[in-house]
Amino acid sequence: MEIVVLLKQVPATESFVGIADDKVSVKTDDVKWVINPYDEFAVEEALRIKEAHGGSVTIVSVGRDKTAEAVRTALAMGADKGILIKDTISEKYDGLGIARILAAVLKDIPYDLIIAGQRAVDDDNFLVGTAVAEFLNIPNISLVIKEEIIDGRIRCHRTIEGGTVVIESSLPALITTQRGLNEPRYASLPGIMKAKRKPLDVKTLADIGLDVGQFETSGMHIVSLKFPPERKSGRIIEGESAQVKVSELLRALREEAKVI
Amino acid sequence: MSKGVLAITEQLDGVFRKVTYEALSEGRRIADQLGCDLTAVVLGSNVEIIAAELGKYGADRIIAADNPILDEYLTDTYTNVISDIIASENPAVIILGASMQGKDLSARLAARLNVSLAMDCVVIRIEDEKLIATRPIYGGKILADIAMDTKPVILAVRPNSMGITETDCAGDIEKYDANIGQTNLKFIEKTLDTTKIELTEADMVVSGGRGMGGADFSVLEELAEMFGGAVGASRSAVDEGWRPHADQVGQTGKVVSPNLYIACGISGAIQHLAGMSSSKIIVAVNKDPEAPIFLKADYGIVGDLFEIVPLITEEIRKIK
Ligand SMILES: Cc1cc2nc3c(=O)[nH]c(=O)nc-3n(C[C@H](O)[C@H](O)[C@H](O)COP(=O)(O)OP(=O)(O)OC[C@H]3O[C@@H](n4cnc5c(N)ncnc54)[C@H](O)[C@@H]3O)c2cc1C
Ligand SMILES: Nc1ncnc2c1ncn2[C@@H]1O[C@H](COP(=O)(O)O)[C@@H](O)[C@H]1O
């Protein structure tokens, strides 16, 4: 089983992300960078499949210099090798641009299964994995909470509103992760030591035969970023007894908020 | 010239999803501004009967692809059929609900057609004939206005974000003979809990956190039932094994925008807020007056949830 994980490095969710002066880009100077949580599930699942079926796990990421840290973390978890497409303006591409770069990388490496996150928690696009599958002309199953590989096919439990659907696909295929799939392992100390010697291939777009300009415009751009209206802290309802507080809450919900 | 708005509907066992009505209503509004027609697409088996209903939500025409193979959603069959319809209809705008199916379908369609997609958008406006979609990013910490230039564009609207408007339109049904095309996916089975109201579509959500102290969520279930609402959970409650993953609200769970969200025994971590801060009214019940959730709640009650929540249920029962 040759397994490829598409991994994005994103700001940790507890980090503050500001809006830059140009109002169309974000300020990420002070953020802590982590592996996208849904991609962590992807790394873990890839490792489990490798443990059960043999093969190797390759991490592919499009990012910047510092993205190497995220790829190294995945190697320390147990992945075999990493490919980082380093590109200083990748933030400016939309999801389809990134998907095209990833598809171009995948054309040159073997894969039976590709695992991506359902979404990256920075752009919340829910797009790149599925788009990569389309560009590679392979099937995709999204939001997977359980998978089994039997006789060269993959059978997945996919979440839908109010339940799950079981879908089977031929391989190669691409699946995206959903919470519930697994609990990602931590990188162990020996794992971290070993990761230092694992191959991490850093390339530019030109190295893989792509032209930077090719991806710069793909039909959508941010015209402005703003913070959502700040939720003001409301009112703590006081009262001498729980009953009094609750009565006042219901009055407020009915008369002020008009939600009941 | 591409023209018209095409709404892709979603139905499950003969019942349309609420977000389908929201997408249709929004589609109608866009069609009126662009001065064009709204066409709805329905896929599935025996869908002609239910398709007629869509005229009520503003569809001028309804294309019904009635085919037993389309009974269950599969990414490839649906993408094949819908891209054929798009090729013959040549719409300027494609709109659909960003349900789990809608997200999967819209992503694959965007890649196949090579057009812009505004995933999970909450507001859509037209400025100088250009579509601008507002979508939350960074877990709702930032709102991005995105201008979309391709023809067509795809708009996947977040559930519970846009209103439903009833407007009687012709709703003429045209039968469509679908060519399923190549498929590599096979539907095996489906398990549904139909007694539950879907979290993302519920008008009222009451969630429990670690403060529940165990898997017994009956006090919350009784309150939710009073409202016809749904029960959610914090990640801690899910990690404890008290609630299924599907109930988790937050960054790595579901994003909900009900009219009323009641957080019980939830401290209000940023990752939880990412899933519920777009609720219209937030109520928090927590015994710790310092709990950060109170900073985001419209109304807070400091107290033991096991005392407060049953009293709320009782009061509501009295009103009803
Ligand atoms: C990458 C990542 C993703 C995450 N994703 C999510 C997510 O999607 N959703 C999510 O919720 N969290 C998520 N988290 C976890 C999040 O950071 C918090 O740990 C979690 O939300 C805390 O859950 P809690 O509020 O239930 O528990 P706690 O923080 O332990 O709070 C329990 C609260 O209950 C109160 N309480 C206790 N007993 C009672 C009582 N009898 N009556 C009233 N109040 C009582 C306490 O005062 C306390 O405020 C994520 C974390 C990470 C790192
Ligand atoms: N720059 C990137 N490099 C590698 N994989 C990515 C990148 N961006 C997105 N992905 C993958 O696509 C998934 C969905 O991302 P998105 O469509 O941006 O929400 C992520 O969870 C990753 O698996």
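The structure presented is a predicted model; accordingly, all values stated were derived computationally and were not measured.

**Brief notes about the interface of chain A and chain B**
Alright, step 1. Contact with chain A, which involves 83 residues of that partner, is made by 85 residues of chain B.
Alright, step 2. For the chain A and chain B pair, buried surface summed over both sides reaches about 7,100 Å², with 56% attributable to carbon and sulfur atoms.
Alright, step 3. At the junction of chain A with chain B, the criterion picks out 7 salt bridges.
Alright, step 4. Counting across the chain A and chain B interface gives 44 residue pairs in polar contact (both at pLDDT 80 or more).
Alright, step 5. The greatest single-element share of the side of chain A that touches chain B, amounting to 10 residues, is contributed by helix H6 (residues 242-255) of chain A.
Alright, step 6. When its residues are assigned to classes, the side of chain A that touches chain B shows 38 nonpolar, 23 polar and 22 charged.
Alright, step 7. Taken together, the 6 bridges between strand S14 (residues 220-226) of chain A and strand S10 (residues 142-148) of chain B define a ladder with antiparallel strand orientation. Pairing of A:Met220 across the sheet is with B:Met148, part of S10(B).

**Quick look at the sheet that holds strand S6 (residues 93-97) of chain B**
Residue and element names in this part refer to chain B.
Alright, step 1. Here 7 strands make up an open sheet; going across it, the order is S7-S11-S6-S1-S4-S5-S12 and the pairing parallel. Among the strands making up the open sheet, the edge pair consists of strand S7 (117-121) and strand S12 (172-175). Neighbouring strand axes in the sheet, compared pairwise and without regard to direction, differ in orientation by 20° on average.
Alright, step 2. Across 4 bridges, the pairing between strand S5 (residues 61-66) and S12 is parallel.

**Let's talk about the environment of B:Thr79**
Residues and elements named next belong to chain B.
Alright, step 1. Residue placement: Thr79 occurs in helix H3 (residues 75-89).
Alright, step 2. The spacing of Thr79 and Leu109 is 30 residues in sequence and 6.1 Å in space, taken between C-alpha atoms.
Alright, step 3. If sequence neighbours within four positions are ignored, Thr79 has contacts with Leu105, Arg108, Leu109 and Arg112.

**Digging into the site of ligand 2**
Residue and element names in this part refer to chain A.
Alright, step 1. In the vicinity of ligand 2 lie 20 residues, with Leu6, Asp39, Ala120, Asp123 and Val128 positioned nearest.
Alright, step 2. One nitrogen or oxygen atom from the side chain of Asn36 is found 3.0 Å from an oxygen atom belonging to ligand 2.
Alright, step 3. Between ligand 2 and the protein, one listed contact pairs an oxygen atom with a backbone N or O atom of Leu127 at 2.8 Å.
Alright, step 4. Protein burial of ligand 2: of its 480 Å² of free accessible surface, 99% is covered by the chains.
Alright, step 5. With 3 residues, strand S6 (residues 56-63) is the largest single contributor of residues to the shell around ligand 2.
Alright, step 6. For the shell around ligand 2, a count of residues per class yields 11 nonpolar, 5 polar and 4 charged.

**Observations regarding the site of ligand 1**
Residues and elements named next belong to chain B.
Alright, step 1. Taken together, 25 residues lie near ligand 1, and Ser234, Gln248, Thr252, Ser267 and Asn286 sit nearest.
Alright, step 2. Ser236 has a polar side-chain atom sitting 2.8 Å from an oxygen atom of ligand 1.
Alright, step 3. The contact in question runs from an oxygen atom of ligand 1 to an N or O atom on the side chain of Gln271, over 2.7 Å.
Alright, step 4. Broken down by secondary-structure element, the contributors of at least two residues to the shell around ligand 1 are helix H6 (235-239), helix H7 (270-276) and helix H8 (305-319).

**Some thoughts on unusual backbone geometry**
Alright, step 1. A cis amide bond links A:Leu171 with the next residue in sequence, A:Pro172, at an omega value of 0°.
Alright, step 2. Along the chain, the position of A:Pro172 falls in the loop between strand S11 (163-170) and strand S12 (173-177).
Alright, step 3. A cis amide bond links B:Lys151 with the next residue in sequence, B:Pro152, at an omega value of -10°.
Alright, step 4. Tracing the chain through its elements places B:Pro152 in the loop between S10 and strand S11 (153-157).
Alright, step 5. Despite not being glycine, A:Asn137 shows a phi value in the positive range, around 55°.
Alright, step 6. Structurally, the position occupied by A:Asn137 is in the loop between helix H4 (128-136) and strand S9 (140-150).

**Regarding the environment of B:Met148**
Alright, step 1. As for its position among the elements, B:Met148 is in strand S10.
Alright, step 2. When the C-alpha atoms of B:Met148 and B:Leu131 are compared, they prove to be 5.7 Å apart, with 17 residues separating the residues in sequence.
Alright, step 3. Non-local contacts of B:Met148, meaning those with residues more than four positions away in its chain, are made with A:Gly219, A:Met220, B:Ser116, B:Leu117, B:Ala118, B:Lys130, B:Leu131, B:Ala133, B:Val153, B:Ile154 and B:Leu155.

Parameters at a glance
- Residues numbered from 1 in each chain as written.
- Chains lettered and ligands numbered in written order.
- Predicted model: local features only at pLDDT ≥ 70, side-chain atom pairs only at ≥ 80, totals over all residues.
- Heavy atoms only, no water.
- Contact = heavy atoms within 4.5 Å.
- Buried area = accessible area lost by both parts, 1.4 Å probe.
- Salt bridge = Lys/Arg side-chain N within 4 Å of Asp/Glu carboxyl O.
- Polar contact = N/O pair within 3.5 Å; in protein donor to acceptor, adjacent residues only side chain to side chain.
- Helix = DSSP H or I, 4+ residues; strand = E, 2+ residues; numbered from the N terminus.
- Nonpolar A, V, L, I, M, F, W, Y, C, P; charged D, E, K, R; others polar.
- Pairing = 2+ DSSP bridges.
- Axes fitted to C-alpha atoms, helices over the stretch in contact; angles between N-to-C directions.
- Near = heavy atom within 4 Å.
- Areas by Shrake-Rupley, 256 points an atom, 1.4 Å probe, with all protein chains shown as cover.

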